[in-house]
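# Understanding the architecture of this molecule
Here's the letter readout for the chains.
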Amino acid sequence: QGAARRPPADNSVLTWARSEPRVRVMRKRRSVGWGASSMVKVLLDALVITLASMSSVDFFINLSDADVALRTHAELAAFLSRHRGTSF
């Protein structure tokens with residue numbers, strides 16, 4: 001099994017992400033199988049990076065390319081602000 005190929009990055013997304021202090025883009029790549037333990041390893045990598053780079057985290061939202069937001073940013077922010085300290 002060879003190393004994962006690096007797909008071309010969309011520079012506009014990376015530029016935007018760099019301008020957002022609370023957004024992180026994963027740099028370390030892993031071969032991930034759906035439903036496999038590798039999915040948990042990637043999530044743990046993301047948590048380590050997030051907690052090491054931010055002094056305070058209220059919520060951690062794990063989104064993949066298959067996720068579609070069903071609420072607006074304002075609706076999510078309002079809901080989460082009412083549920084600080086809650087784990088979902």
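One structure accompanies this document, and this report is about it. If you're wondering where the values come from, they're calculated on a predicted model, not measured in any experiment.

With respect to the element layout, S81 can be found in helix α3 (residues 73-82). When the C-alpha positions of S81 and F59 are compared, they lie 9.6 Å apart, and in sequence the two are 22 residues distant. At 2.8 Å, the side chain of S81 and the backbone oxygen of A78 are in polar contact.

Turning next to the pattern of salt bridges. Going through the model one piece at a time under the given rule, you end up with two salt bridges. The partner of R30 in a salt bridge is D45, with the nearest N and O atoms 2.7 Å apart. Note that R30 is positioned in the loop between α1 (11-19) and α2 (37-53) and D45 in helix α2, a separation of 15 residues in sequence. Under the relative-accessibility criterion, R30 is labelled partly exposed at 33%. What makes D45 buried here is its relative accessible area of 16%.

Taking 1.5 Å as the rise per residue, α2 with 17 residues should run 24 Å; its terminal C-alpha atoms sit 25 Å apart, in good agreement. Of all the residues in α2, the buried ones are S38, D45, A46 and T50. One side of α2 holds all its buried residues, which, seen down the axis, span an arc of 130°. Facing away from the buried surface of α2 by more than 90 degrees, the exposed residues are S37, V48, L51 and A52.

Rules used in this analysis
- Residues numbered from 1 in each chain as written.
- Predicted model: local features only at pLDDT ≥ 70, side-chain atom pairs only at ≥ 80, totals over all residues.
- Heavy atoms only, no water.
- Helix = DSSP H or I, 4+ residues; strand = E, 2+ residues; numbered from the N terminus.
- Polar contact = N/O pair within 3.5 Å; in protein donor to acceptor, adjacent residues only side chain to side chain.
- Salt bridge = Lys/Arg side-chain N within 4 Å of Asp/Glu carboxyl O.
- Buried < 20%, exposed > 50% of the residue type's maximum accessible area, 1.4 Å probe, protein only.
- Expected span 1.5 Å × (residues − 1).
- Arc of directions from axis to C-beta.

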